[in-house]
Amino acid sequence: MGEAVYEMRISEVSRGTRETKVYVKVNLDGTGLSETRMNVAFCSHMINLLATHSLIDLKVEAEGDLKHHIIEDVAICLGEAIKEALGDKSGISRFGFALVPMDCSLAWAAVDLSGRPYSRIDLKVESEKIEDTPTEDIYHFIETFATALKANIHVKVHYGSNDHHKVEAAFKALALSLRQAVSLDPRRKGIPSSKGVI
């Protein structure tokens, strides 16, 4: 009797433009390790949270002219890398959802790795900037990530009194949702769709 062959779900994506230089590596079957080198501290913090709570190992190296361009291109590469690592999505759970408290805040997220990009984001952030990152760029990161991953991503903060905590709760919920969605279901045979393809 032969041993089962385990295929590593690992991908690397690089993107170089006149504005940015980005490299992302993901391991969907990791332990949540993260190595992030980018000059946008709050975004880097959120990416580290994604890794920790999704259990997806992430390596992100990014540099560029403007924070907006760096955040956008990291989101593109991260979405593309996870999409590539998923292959044909055979055997995955496909859906994920989570409800997460963060001190004063409560957020939920839902993910469908459907192959159809769509996002609905409501972070209830009141300030124009959190730490060193413009609020609009936080929204743009999640929207761009959903588009590059070709996934349905819904994230909503129910309430909170601290904007940092609102966004942190949202990213933790997104991470846990991704963890469920990319996980392999031992009962699933083939593509998780009645169409037979995603």
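You'll find the structure just up there.
Q: Help me understand the sheet that holds strand S5 (residues 95-102) in this model?
A: Strand-to-strand pairing in sheets goes through backbone hydrogen bonds, with the strands running parallel or antiparallel. A sheet is described by the order of its strands in space; here four strands give the open sequence S5-S6-S10-S7, paired in mixed fashion. Of all the strands in the sheet, just S5 and strand S7 (118-122) have a single pairing partner and so form its edges. This sheet shows a mean twist of 10° between the axes of neighbouring strands, independent of strand direction. Sheet topology note: the S5/strand S6 (residues 105-112) ladder contains eight bridges and is antiparallel. Pairing of Val 100 across the sheet is with Ala 107, part of S6. Taken strand by strand, helix H3 (residues 135-149) contacts S7 and strand S10 (152-159), and its axis lies near 160° from that of S7. Across the sheet, helix H4 (residues 163-182) touches S5, S6 and S10, and the angle it forms with S5 is around 150°.

Q: Please clarify how the packing of helix H2 (residues 67-86) against H3 should be interpreted in this entry.
A: How two helices pack is summed up by the angle between their axes together with the distance between the axes. One way to put it is that H2 packs onto H3 with a least axis distance of 8 Å and a crossing angle of 30°. Taken together, the axis directions place H2 and H3 in an arrangement best described as roughly parallel. Where H2 crosses over H3, the handedness of that crossing is right-handed. The residues of H3 that touch H2, namely those facing His 68, Ile 71, Glu 72, Val 74, Ala 75, Ile 76, Leu 78, Gly 79, Glu 80, Ile 82, Lys 83 and Leu 86, are Asp 137, His 140, Phe 141, Thr 144, Phe 145, Ala 148 and Leu 149.

The rules behind each value
The residue count restarts for each chain, going from 1 along the sequence in the order it is written. Given that the model is predicted, a residue must reach a pLDDT of at least 70 before its local features are reported, and side-chain atom pairs must reach 80 or more before they are shown or counted; all residues, however, enter totals for whole chains, interfaces and linings. Processing note: side-chain calculations cover all non-hydrogen atoms of the structure and skip hydrogens and water entirely. Here the rule is simple: two strands pair whenever DSSP picks up at least two bridges between them. Helix and strand assignments follow DSSP, with helices taken as H or I runs no shorter than four residues and strands as E runs no shorter than two, numbered in order from the N terminus. Only the contacting stretch of a helix is used when fitting its axis, a line to C-alpha atoms as for every element, and angles between N-to-C directions run 0 to 180 degrees. Any two residues whose heavy atoms approach within 4.5 Å are treated as being in contact. Angular relationships are summarised with four words: roughly parallel below 35 degrees, roughly antiparallel beyond 145, roughly perpendicular across 65 to 115, and oblique for the angles in between. Note on convention: near helix rotated counterclockwise from far helix by under a right angle means a left-handed crossing. Clockwise means right-handed.

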